[in-house]
Each structure stands twice: as structure tokens, then as C-alpha cells.
Amino acid sequence: ALRALCLAGLGAAIGGGAADQCSWRGSGLSQEAGSVEQLSLHCAEGSLEWLYPTGALRLRLAPRLPPTSAAVKGGSAPHVTACIKPSGTFRGAQLYLEREGGLELLLPEAPRPHARCFSWLPQEKVALFLQATPQPDISRRIAAFRYELRGDWLARPALPTASLGAEGSCRPCNDTEILMAICTSDFVIRGSIRSVSNDAELQESIIGVSATRIHRQKFPLFQAGGRPGRPAGSIRTPLRCGVRPGPGTFLFTGWLHFGEAWLSCAPRYRDFQRIYRGAQRTHQNPCEFPVD
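Residues numbered from 1 in each chain as written. Predicted model: local features only at pLDDT ≥ 70, side-chain atom pairs only at ≥ 80, totals over all residues. Heavy atoms only, no water.

With that settled, consider the packing of aromatic side chains. In total, this model carries 7 aromatic pairs according to the counting rule given. Aromatic pair Phe250 and Phe252: ring centres 5.8 Å apart, planes at 40°, arrangement tilted. Side by side, Phe250 and Phe252 carry an identical accessibility label, which is buried. Arranged with centres 6.5 Å apart and planes meeting at 65°, the rings of Tyr276 and Phe289 form a pair that is edge-to-face. Residue Tyr276 is found in helix α4 (residues 269-281), and its partner Phe289 is found in the segment after α4; the two are separated by 13 residues along the sequence. When its relative accessible area of 1% is taken as the criterion, Tyr276 is described as buried. Given a relative accessible area of 8%, Phe289 falls into the buried group. Each residue in the set Tyr269, Phe272, Tyr276 and Phe289 is aromatic and connected to the rest through ring pairs, giving one cluster. Above the plane of the ring of Tyr269 lies Arg190, whose end atom (NZ or CZ) is 4.1 Å from the centre. (Phe/Tyr/Trp six-rings, centres within 6.5 Å; stacked < 30°, edge-to-face > 60°. Buried < 20%, exposed > 50% of the residue type's maximum accessible area, 1.4 Å probe, protein only. Helix = DSSP H or I, 4+ residues; strand = E, 2+ residues; numbered from the N terminus. Lys NZ or Arg CZ within 6 Å of the ring centre and 35° of its normal.)

Encoded structure:
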């Protein structure tokens, strides 16, 4: 029945909502019974809010992503990765991934507030299918989530979900990955570990970091508030990686994911100095970076 509803609504007209290129907000009260509303969003991040869900929505995510380094160098076409994070009050619908005619459940009714991620090749046809669940009272039901899409995730993204596969996500970065991380990451912070706490429900570890130098941060993730004169902040990593507090100075790199810092590579700073100076001698450093 779900597949029939999905296919039956392919020609449905868009209506009943307000949309820009990044986000959509609408109400199921304006939809015809059993209809499927067709939506298309074209940004790398945004949100969807569906009040009083009835019928279904079919959402096509089509961001205008810049070419990745692999594509520029003539390598194989990179995957596009999307992550979906439900609101804490997600109710009244279930979210499916539609891929090559099949449906895979991404978010059940009343899901945990976990991000779910999936990848596809540019030539694959994928969409998100949001189906309302029968409710005797829809007055307090809102199905809402945020999304992020990127075409430049590294081959080993550190994201809080098993849907990308756990293989390699916890192993130490090799020299090449470390050198690329300092050039491409959303943040590069030199500092020490103040604390490590674990969130069993979210399956995340939160690393408290005291920064001695902020080399780069796209957003003010690290701010004054730690030791006198030192900015402090937190970086997340999957709980399965088993991060433990340890002494010494590290170079923390990673990505911004739904407004939170997620760890990519974190070599000890002395090891990074050795790797970078070796790459300098052989002219293999991908970018210039201050080393002292």
C-alpha cells in the first residue's frame, strides 16, 4: 500500500506549504486525502516542518554541490552524503529513503534524536518519502527534521551513525589523511583534553578541549571560559571509538555537524610536526600550515 501510494502521487501538484530553496514548512490540512505532495530543495542544508501530517510528502534533495578534489583530479565520482536529524518532538509520520524503486525506513514514529546518514552516487535517483501514520488526533503532531548534504566528506567521515558503516571510522588517521585534514577541516585546534564524558543514549563521547591555539574554526566553537586565557570547547566522536583522556598536546581537526564539532583526525602535536616537516622536505604538503 505504501509503494502504491508513493507511485500514485507522482503527479500531485505542489501546494499547501511555504518553501524556499533550503527549507519547507506546510500543513497536511491543506492536502487532499491520500495525496502525495512533491517537494524539491536545492541547498546543502535546511529543514522541513510538516504540521498535522496527512497523506504523504515526497522530497527530492538536489543540492548544487561544488566539485570535489577527486572529481577535479579525474578520480572516480564521489558519493553525496546526506544526514537527517529529527526534532525532539517528531510525531505523526515515518520517513523512508526511496532508492531505485525500493523503500528503507530511516525514521520511525517518535524516533530517538539521532542523526541518520546515507550516501549515493550522483547518477542514482534517491528521494525522501514522508508518510503520515494514522492518528485519532493529529492536532499536536508535527514531523520536523533538519538535513545536511555534502559532496566533500572524506573517505572516513566521523559521524554519529552506523548507517555509514563503522569500518575505519575509529582507526587513527594515516599521514596523508592528517595532512589533508589540516587543509580542509571546518576546525583545526591545538590543545589538550580536559575531560571525556559518554552519552549512552546518543552513543556519543564528548571530549572537553582546552585550546592553546585556534588555527581555524568556521564558527565560534571554542570560546573563552576554560583555563585563564584559554578558549574551551567540546568535540564529539562515536562512543564505539572508546576515547579516553590522556596527557599531552593534540591537533584536533574535524567537521561541523548540525552545529556541533565532530572529530576527524587528532594526532599528537609532536607527531604532526614530524609528518608535516617530512612532507615539506619532499614538497608533498597539500597546503601551508604554521609549525613551531
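Here we come to α4. End to end, α4 covers 18 Å across 13 residues, agreeing with the expected 18 Å (1.5 Å per residue, within 8%). On its buried face, α4 sits against α3 (175-184), β12 (187-199) and β16 (250-257). After α4 finishes, the residue His283 shows a positive phi value of roughly 60°. (Expected span 1.5 Å × (residues − 1). Contact = heavy atoms within 4.5 Å.)

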